Amino acid sequence: MQIVIKIGGSVLEHLHSAFFQECLQLKEKGLTPVIVHGGGPVISQWMDQLGFQPQFVDGLRVTDEQTLTIVEMVLAGSVNKHLVTKFRQAGAKAIGMTGIDLGLIQVEPLNHSLGFVGRVTHVNKEVIQLILDQGWIPVIASLGVDHEGQHYNVNADDVASAIADALKAKKLISVSNVDGIQINDQPLKQATADEIEAYIRTGEITGGMIPKVRSGLRSLTGSVQEVVIVNGQQPGCLTDDSHGTRLIKGEVKSHVFISHL
Ligand SMILES: Nc1ncnc2c1ncn2[C@@H]1O[C@H](COP(=O)(O)OP(=O)(O)O)[C@@H](O)[C@H]1O
Ligand SMILES: CC(=O)N[C@@H](CCC(=O)OP(=O)(O)O)C(=O)O
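Residues numbered from 1 in each chain as written. Chains lettered and ligands numbered in written order. Predicted model: local features only at pLDDT ≥ 70, side-chain atom pairs only at ≥ 80, totals over all residues. Heavy atoms only, no water.

- Within an unreviewed UniProt entry, the label attached to the protein chain reads Acetylglutamate kinase, and the organism entered is Thermoflavimicrobium dichotomicum.
- Per UniProt, the protein chain carries the Catalytic activity (unreviewed entry) text "N-acetyl-L-glutamate + ATP = N-acetyl-L-glutamyl 5-phosphate + ADP".
- Its UniProt record gives the protein chain the following Subcellular location (unreviewed entry) comment, quoted word for word: "Cytoplasm". (UniProt positions renumbered as here; feature names shortened; annotations may be inferred.)

So, the site of ligand 1
Line of reasoning, step 1. In the vicinity of ligand 1 there are 18 residues, among which S10, S176, N177, E204 and K212 approach most closely.
Line of reasoning, step 2. T206 places a main-chain nitrogen or oxygen 3.1 Å from a nitrogen atom of ligand 1.
Line of reasoning, step 3. Those elements that place two or more of their residues in the shell around ligand 1 are strand 11 (171-176) and helix 7 (209-220). (Near = heavy atom within 4 Å. Polar contact = N/O pair within 3.5 Å; in protein donor to acceptor, adjacent residues only side chain to side chain. Helix = DSSP H or I, 4+ residues; strand = E, 2+ residues; numbered from the N terminus.)

Some remarks on the pairing of strand 15 (residues 226-231)
Line of reasoning, step 1. Counting buried residues in strand 15 gives five out of six residues, a clear majority hidden from the surface.
Line of reasoning, step 2. As defined by bridge partners, strand 11 adjoins strand 15 across six bridges and the pair is classed as parallel. Residue pairing across strands places V175 opposite V230, the latter belonging to strand 15.
Line of reasoning, step 3. Here three bridges tie strand 15 to strand 16 (residues 245-248), and the two strands are oriented antiparallel to one another. Pairing of V228 across the sheet is with R246, part of strand 16. (Buried < 20%, exposed > 50% of the residue type's maximum accessible area, 1.4 Å probe, protein only. Pairing = 2+ DSSP bridges.)

What to know about the UniProt feature "site: Transition state stabilizer" (unreviewed entry) in the protein chain
Line of reasoning, step 1. The UniProt feature table records "site: Transition state stabilizer" (unreviewed entry) at K6 and K212. Considering the C-alpha atoms alone, the annotated residues occupy 207 residues of sequence yet fold into one spot, their largest mutual distance being 10.1 Å.
Line of reasoning, step 2. Note that K6 resides in strand 1 (residues 2-7).
Line of reasoning, step 3. Residue contacts for K6: discarding those within four places in its chain leaves V36, G38, A156, D157, A160, I173, S174, V175 and K212.
Line of reasoning, step 4. Side chain to side chain, K6 and D157 meet in a polar contact 3.0 Å long.
Line of reasoning, step 5. When you line up the elements, K212 lands in helix 7. (Contact = heavy atoms within 4.5 Å.)

In structure tokens form, the structure reads like this:
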């Protein structure tokens, strides 16, 4: 059984010291990790340094040609290789790639007003399967390619959920810098689609949390059984089921906070 672990740019530099070992320990539970990563804050830092102003709509970066070049340099060049090294230092046979390599992530434009931002239309899951068959761990940067060879910037949570869906993964864990969804400064233990849409409407879920929760819910409508948002700064975030916010399909008591359980 596969488990897709998405590592957010928000937490890249702050992952707890045993994080990469914990990823490998999942194999002992019969879960084979597939890693997807973003790097939003690093992209924004480089844009600032190069004199460009990052712009977002509902947590998605408006991506013109120059922005796309920076996104590719940061995700494929810098962040991907940083993570591959971390996994290798933990003893994993990690291989870095992007959604462009071997046409792994096929996309079409999400919305022309966002520029080169892709919506995933197809995942060439055979590519991932070949890597897993070697006993290697794929570390995938969130870029995609269309049928004409044009490259696109894709939100990393969208890539993770599309891969989880294509692989029929058991679980998707989105690793971020917060203890899951916070409402009134309290972490939610679980949240349904209806509750999440209401929190987005009232402005209690904003920014990068919007694509994260929406893509997570989307993969639950497929064959993924479990979607959890956890804080990568906390030891046990991958191995201990009590961490973070679990997204669920069905109805639950609303406003179930961790501290109230
Ligand atoms: N209700 C919420 N609960 C938790 N975080 C939220 C919420 N609304 C917005 N956020 C923001 O979403 C961020 C996580 O999304 P993002 O910055 O894209 O992270 P990542 O790089 O890990 O994908 C949090 O750091 C927080 O600032
Ligand atoms: C279209 C879009 O917004 N793409 C993201 C890709 C990186 C990403 O998703 O990074 P996080 O995981 O850190 O959020 C971006 O440009 O920031």
